Amino acid sequence: MKQVTIERSKVMSGLDSALKPRLKRRSTFEYVSWVVCILVGIGILSSVATNPNFKWDVVAKYFTHESILRGLMLTIFLTVASMALGTLLGLGLAIMRASTIKPIAALAGVYITIFRGTPVLVQLIFWFNLSALYPNLSIGIPFTDIGTAIDTNALMGPITAALVGLTLNEAAYMAEIIRGGFSSVGKGQIEAADSLGMSGAMKMRKVIIPQAMPSIIPATGNQVIGMFKGTSLVSVLGVAELLQSAQLIYARTYETIPLLIVASLWYLVMTMLLSYPQSKLEQKYSHTSVRVPRRARKVTLTAPEGIAR
Amino acid sequence: MNADGTIHAHKIRKSFGPKTVLKDVDLTIASGEICCIIGPSGSGKSTLLRCINGLETVDSGILKVNGDDFGYYETDTAYHALPPKQLALQRTRVGMVFQSFNLFPNMTARENVMAGPVLVKRADKKQSAKQAQELLTSVGLGAFGDRYPAELSGGQQQRVAIARSLAMNPEIILFDEPTSALDPEKVGEVLNVMQDLARKGMTMVVVTHEMGFAREVADSLIFMDEGNVVERGDAREVLTNPKEPRTQAFLKQVL
């Protein structure tokens, strides 16, 4: 009976049953979701394209406008500078946090708590208004007359305040990311370095940091992307970065939405460009992944090969 | 540096919280002696080994390695911890081979072997590379220098780890269950390398479950249980003719 059905199916398709492709099951839900998504997509697109209030011609006009591009450059500068400085400071904080000397670890802990626990926006405004707290900053030797005083307002211009605010905030987040990376390095690695007589700094540089990289890099990539968008906050200080540049234009022309779209498109393009090197870096560090030795098996306690003779 | 290679311990005590792991342990190992430490798990044998290389600090007692107080210097009233640099210097004279190999995964086999001389002793890179190649060849891995640990089998990794310890030219080398994490068929290659080493006159202290190795290679054998050295003596003598009832019970179980 069975034999017969197999024979018949062969005849039906004219193809050897063993060579037929195996098709994935597609649920009704899948078909429905395709249809719904396409319809919604068409709806949104046609609305965006036909609504004259979007003013795509204005978007196109300002997309490469000089002051927008200058704003973009400043945004890139702020991102790179505060990210680089923040990472360095964060590394220092992470090392301090891991210190066996209690006050040093506590100091880093307090810093991280404060800077992660308050909004960046508040921190930025705070640094900008530092002169209210300390009208003059002086550099010199304490309890002597040697040194010079600087007017805080002159020192803390908008860009400096932006840089200081973003860097100090970023350092707290980077410290936590780096510390997490450190703790992912196995205890055995540190013992191996110790048993070779490596100094603390050497151990950090050659053993801990390289192995912590695979877990630090992806998180740092996210931070860069976050920072790129986060720089828009410094527009409140009047720094003419990307968003502020757009705002300055629409304050004049009242073309608010088109200019916000210009800024958004640039943010989008840049974050998409940034995610490429991040994935490359991730690949680069993947070869250092630690191979964990298999758990000890029950070993039969007989004379092993090559030993008994 | 004076070659010594002796270990002398007297009344070593070590506790982890409320648990006393080493209870007044005495130990004397001569230069060039091959000593195996056996015992049930939790008997304190690994802790004793780790104390000898400073991975654990002893709470009290005398511990002299290579003739010097290890990790501390003695005054009339107390032992004071050595500054890190001097402790590191003492550690370079005591090699350690771990159960889980602990090779640096970010370095190739050759770089692992060179790590000690180049990074710690500031030795010449070219010379160290040459020495590393010789050491890798001596453990049968001359062609594997450019491989990363993840590309090596457990037995190969452990042999690289032995070569890494040897690169520092230590007077003493400690093995903490070097074959316990290996597949059974890889145990032999590691034990062979250790046996070669034993012929070269280096002091070796081996925590092991390999009774065959203990019988064939070791000069002396220590049986530990519950933080005490229960029995010690000539390896073959203890294995074939144990005096203490606890040793007899243990050996009956494992042999």
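The structure this text deals with has already been given above.
Residues numbered from 1 in each chain as written. Chains lettered and ligands numbered in written order. Predicted model: local features only at pLDDT ≥ 70, side-chain atom pairs only at ≥ 80, totals over all residues. Heavy atoms only, no water.

### Quick word on the overall build of chain A
Part 1 of the reasoning: A count of helical and extended segments in chain A gives 13 helices and two strands.
Part 2 of the reasoning: By the burial criterion, 34% of the 309 residues in chain A qualify as buried.
Part 3 of the reasoning: If you take every contact in chain A between residues at least 6 apart in sequence, the share linking residues at least 24 apart comes to 72%. (Helix = DSSP H or I, 4+ residues; strand = E, 2+ residues; numbered from the N terminus. Buried < 20%, exposed > 50% of the residue type's maximum accessible area, 1.4 Å probe, protein only. Contact = heavy atoms within 4.5 Å.)

### Examining the nonpolar core
All names here are of chain B.
Part 1 of the reasoning: In terms of nonpolar packing, the biggest core is built from 50 residues, with Ile162, Phe175, Met194 and Met204 touching the most fellow members.
Part 2 of the reasoning: Per element, the largest residue contribution to this core is seven residues, and it comes from helix 6 (residues 187-199).
Part 3 of the reasoning: Beyond its immediate stretch of four places on either side in the chain, Met204 contacts Glu33, Ile34, Cys35, Ile173, Phe175, Met194, Leu197 and Ala198.
Part 4 of the reasoning: Listed in part, the 38 residues of the second largest apolar core include Leu27, Met96, Met107 and Leu174. (Core = buried A, V, L, I, M, F, W, Y, C linked by side-chain atoms within 4.5 Å.)

### Topic: a nonpolar patch on the surface
Part 1 of the reasoning: Together, Trp34(A), Val35(A), Ile38(A), Leu39(A) and Ile42(A) give the surface a local cluster of nonpolar side chains, amounting to about 540 Å² of exposed area.
Part 2 of the reasoning: Residue classification places Trp34(A) among the exposed positions, given a relative accessible area of 55%. (Patch = residues over 30% accessible without salt bridge, like charges linked within 9 Å, V, L, I, M, F, W, Y side chains within 5 Å. Areas by Shrake-Rupley, 256 points an atom, 1.4 Å probe, with all protein chains shown as cover. Salt bridge = Lys/Arg side-chain N within 4 Å of Asp/Glu carboxyl O.)

### Here's the deal with unusual backbone geometry
Part 1 of the reasoning: The backbone phi angle of Asn102(B) is positive, close to 55°, even though this residue is not glycine.
Part 2 of the reasoning: Within the secondary structure, Asn102(B) is located in the loop between strand 8 (94-97) and helix 3 (109-120).

### A few points about the packing of helix 10 (residues 187-195) of chain A against helix 11 (residues 200-230) of chain A
For any two helices packed against each other, one specifies the inter-axial angle together with the distance between the axes.
All names here are of chain A.
Part 1 of the reasoning: At a minimum axis separation of 11 Å, helix 10 and helix 11 run at an interaxial angle of 160°. Taken together, the axes of helix 10 and helix 11 are roughly antiparallel relative to one another. Note on packing geometry: the crossing formed by helix 10 with helix 11 is right-handed. Contacts from Gln189, Ile190, Ala193 and Asp194 in helix 10 reach Lys203, Val207, Ile208 and Gln211 in helix 11. (Axes fitted to C-alpha atoms, helices over the stretch in contact; angles between N-to-C directions. Parallel < 35°, antiparallel > 145°, perpendicular 65-115°, else oblique. Left-handed = near helix turned anticlockwise from the far one by under 90°.)

### So, the sheet that holds strand 10 (residues 203-207) of chain B
Strands in a sheet are paired, the pairing made by backbone hydrogen bonds, and the direction either parallel or antiparallel.
Residue and element names in this part refer to chain B.
Part 1 of the reasoning: Pairing is mixed in the open sheet, where six strands are placed in the order 8-9-10-3-11-12. The outermost strands of the open sheet, each flanked by one partner alone, are strand 8 and strand 12 (228-234). Adjacent strand axes in the sheet meet at a mean angle of 15°, parallel and antiparallel pairs treated alike.
Part 2 of the reasoning: Judged from the four bridges that link them, strand 3 (residues 34-38) and strand 11 (residues 220-225) form a sheet pairing that is parallel. (Pairing = 2+ DSSP bridges.)

### Here's the deal with the side chain of Glu241(A)
All names here are of chain A.
Part 1 of the reasoning: Topologically, Glu241 is positioned in the loop between helix 11 and helix 12 (242-253).
Part 2 of the reasoning: A polar side-chain atom of Glu241 sits 3.4 Å from a polar atom in the side chain of Tyr267.
Part 3 of the reasoning: Not counting chain neighbours up to four residues away, the residues in contact with Glu241 comprise Gly71, Leu74, Thr75, Thr231, Ser232, Val234, Ser235 and Tyr267. (Polar contact = N/O pair within 3.5 Å; in protein donor to acceptor, adjacent residues only side chain to side chain.)

### Quick word on the sheet that holds strand 2 (residues 19-29) of chain B
All names here are of chain B.
Part 1 of the reasoning: If you walk across this open sheet you meet the four strands as 2-1-4-5, and the pairing is antiparallel. Looking at which strands have only one partner, the edges of the open sheet turn out to be strand 2 and strand 5 (68-69).
Part 2 of the reasoning: The pairing of strand 1 (residues 7-16) with strand 4 (residues 60-65) spans five bridges and is classified as antiparallel. Directly across from Ala9, in strand 4, lies its bridge partner Leu63.
Part 3 of the reasoning: On top of the sheet, helix 1 (residues 45-52) reaches strand 1, strand 2 and strand 4; it is set at about 60° to strand 2, its chief contact.

### Notes on helix 12 of chain A
All names here are of chain A.
Part 1 of the reasoning: With twelve residues, helix 12 extends 17 Å from end C-alpha to end C-alpha; this agrees with the ideal 16 Å at 1.5 Å per step.
Part 2 of the reasoning: Residues of helix 12 that are buried: Leu242, Leu243, Gln244, Ser245, Ala246, Ile249 and Tyr250.
Part 3 of the reasoning: The opening residue of helix 12, the one whose side-chain oxygen lies 3.2 Å from the backbone nitrogen of Leu243, is Glu241. (Expected span 1.5 Å × (residues − 1).)

### Here's the deal with the packing of helix 4 (residues 66-97) of chain A against helix 12 of chain A
All names here are of chain A.
Part 1 of the reasoning: Remark: helix 4 packs on helix 12, axes separated minimally by 7 Å, with the N-to-C direction vectors making an angle of 155°. When the axes of helix 4 and helix 12 are compared, the pair comes out roughly antiparallel. Between helix 4 and helix 12 lies a crossing of right-handed hand. Residues Ser67, Ile68, Gly71, Leu72 and Thr75 of helix 4 touch helix 12, and the partners they reach there are Leu242, Ser245, Ala246 and Ile249.

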